Amino acid sequence: MSARIGVVTFPGTQDDTDALRAVALVGAEPVSLWHRDADLHGVDAVVLPGGFSYGDYLRCGAIARFSPVMESVIAGAREGLPVLGICNGFQILCESHLLPGAMLRNNGLLFINRDLTLRVGSTSTAWTSDYEVGQEIVIPIKNVDGRFTADQRTLDELEAEGRVVVRYAQNPNGSDRDIAGIANAAGNVVGLMPHPEHAIEELTGPYPGPATDGLAFFTSVLKKLVSA
Amino acid sequence: MARVVVEVMLKPEILDPQGQAVLRALPRLGFAGVGEVRQGKRFEVDLDGPADEAALAKVREMAETLLANTVIEEFTVYAAEAVATGQTV
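The sections below set out a description of the structure shown in this document. Note that the structure is a prediction, hence the values are computed from the model and not measured.

1. Notes on the overall build of chain A
Next, step 1: Broken down by element type, chain A carries 5 helices and 11 strands.
Next, step 2: A compact globule built from 228 residues should have a C-alpha radius of gyration of about 17 Å, and chain A, at 16 Å, falls within 12% of that.
Next, step 3: Along the first, second and third principal axes, the C-alpha atoms of chain A reach 40 × 35 × 35 Å.
Next, step 4: Residues classed as buried in chain A amount to 59% of the 228 residues present.
Next, step 5: Of all intrachain contacts in chain A linking residues separated by at least 6 positions in sequence, the fraction that spans at least 24 positions is 72%.
Next, step 6: Per element, the accessible surface of chain A, about 9000 Å² overall, is 49% carbon and sulfur.
Next, step 7: Positive and negative charge centroids in chain A, built from 17 and 27 side chains respectively, lie 4 Å apart.

See below:
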């Protein structure tokens, strides 16, 4: 039996369909999860997709963090459940304190929608084992609140522990130390602002390519789940 | 019924590009002599009961839990009627 990977839909989520598609494309069974349902329906991993959950009211991810489904996701993550937060999902993971730091308005105040080159910093997470350290990948970003920040001690800790998962080759928004994505200490929880689920097929991925650099996030976790 | 105000501001060391954008717009509108603008949020919380110390403690907990993200923001809590006398709680 293949691994079941859940994708949460909050009111205002936009990229749940793309995330479900990415899950299916690598051969896992996609499972839709609903924000008001605390039951994770036995999934082996969870993706918190991008969008504007609860209209980004108060702060991005601040309301979603207290939804019934997140109580289960947080409890599961603490037990080792692989969780990937993409864009708004990353913001929710920070608001949940599953990941350190927070996201602020982009330095230039612009909504940035662009394919970017990222450098992989860690392959010891549940979601990045199919990459190589130092590998350059092209993944799009699309956000206005994407400037990652944390205090110096936290940033030092993230770097010392190899928890910076991806960095921007060219910093688009003023994120501290060019950080685009990070992991928790155990490596099962990963959050990033770029959208790997938008870089999974030749037709719709970054043009002129490489178009499918995001796939390895999903193949990585599948490999981990199948071998477990 | 009593009103309690929660003001949330980005921590001083955090760059506030929105405040900067407002600052840059001011001279064009003829407002001179402004050194810095920082943008924050104000919440007005109307309580069923009085704004006594216990209630204020509850609102502080509310601010800590939801209204502010203390990773990047700081907050002050005070009863609305204290404004006239300039007191903060």
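2. Looking at the environment of A:I86
Residues and elements named next belong to chain A.
Next, step 1: Mapped onto the elements, I86 comes out in strand β4 (residues 83-86).
Next, step 2: Judged by relative accessible area, which is 0%, I86 ranks as buried.
Next, step 3: For I86, the contacting residues outside a window of four places in its chain are V47, L48, P49, G50, L192, P194, H195, P196 and E197.

3. Side note on the packing of aromatic side chains
Residues and elements named next belong to chain A.
Next, step 1: All chains considered together, the criterion is met by 3 aromatic pairs over all chains.
Next, step 2: Both rings, one in F10 and one in Y54, keep their centres 6.4 Å apart while their planes meet at 55°; by these two values the pair is tilted. Residue F10 is located in the loop between β1 (4-9) and α1 (16-25), and its partner Y54 is located in the loop between β3 (45-48) and α2 (68-78); the two are separated by 44 residues in the primary sequence.
Next, step 3: Look at F10 and you get buried, because its relative accessible area is 2%.
Next, step 4: Taking the centre distance of 5.3 Å and the plane angle of 65° together, the rings of Y131 and F217 count as edge-to-face. Here the residue Y131 occupies a position in the loop between β6 (112-120) and β7 (136-143), and F217 occupies one in helix α5 (residues 215-227), the gap between them amounting to 86 residues. The burial state of Y131 is the same as that of F217; both residues are buried.

4. Some words on the interface of chain B and chain A
Next, step 1: Tallying the contact residues gives 16 residues for chain B and 15 residues for chain A.
Next, step 2: For the pair chain B and chain A, the two sides together bury roughly 1300 Å², of which 68% comes from carbon and sulfur.
Next, step 3: In terms of surface lost to chain A, no three residues of chain B exceed B:P17, B:L66 and B:N69, which account for 36% of the buried area on that side.
Next, step 4: Between chain B and chain A we count 5 residue pairs in polar contact (both at pLDDT 80 or more) in total.
Next, step 5: Mapped onto the side of chain B that touches chain A, the elements with two or more residues apiece are α1 (17-28), β2 (40-47) and α2 (53-67) of chain B.
Next, step 6: A per-class count over the side of chain B that touches chain A returns 11 nonpolar, 3 polar and 2 charged.

5. Thoughts on the pattern of salt bridges
Next, step 1: Here the structure, examined in full by the defined rule, presents 21 salt bridges over all chains.
Next, step 2: We note a salt bridge from A:E201 to A:R21, for which the minimum N-O separation is 2.8 Å. On the criterion of sequence distance, the pair formed by A:E201 in the loop between β11 (189-192) and α5 and A:R21 in helix α1 is long-range, its members being 180 residues apart.
Next, step 3: The class for A:R21 is partly exposed, based on a relative accessible area of 47%.
Next, step 4: A salt bridge links A:E159 to A:R167; its shortest N-O distance comes to 3.1 Å.
Next, step 5: By relative accessible area, which is 33% here, A:E159 ends up partly exposed.
Next, step 6: Through salt bridges with shared partners, a single network forms among B:R3, B:E7, B:R42, B:E44 and B:D46.

What counts and what doesn't
- Residues numbered from 1 in each chain as written.
- Chains lettered and ligands numbered in written order.
- Predicted model: local features only at pLDDT ≥ 70, side-chain atom pairs only at ≥ 80, totals over all residues.
- Heavy atoms only, no water.
- Helix = DSSP H or I, 4+ residues; strand = E, 2+ residues; numbered from the N terminus.
- Rg over C-alpha atoms; globule rule 2.2 N^0.38 Å.
- Buried < 20%, exposed > 50% of the residue type's maximum accessible area, 1.4 Å probe, protein only.
- Contact = heavy atoms within 4.5 Å.
- Areas by Shrake-Rupley, 256 points an atom, 1.4 Å probe, with all protein chains shown as cover.
- Lys, Arg positive; Asp, Glu negative; His and termini not counted.
- Charge placed at Lys NZ, Arg CZ, Asp CG, Glu CD.
- Phe/Tyr/Trp six-rings, centres within 6.5 Å; stacked < 30°, edge-to-face > 60°.
- Buried area = accessible area lost by both parts, 1.4 Å probe.
- Polar contact = N/O pair within 3.5 Å; in protein donor to acceptor, adjacent residues only side chain to side chain.
- Nonpolar A, V, L, I, M, F, W, Y, C, P; charged D, E, K, R; others polar.
- Salt bridge = Lys/Arg side-chain N within 4 Å of Asp/Glu carboxyl O.

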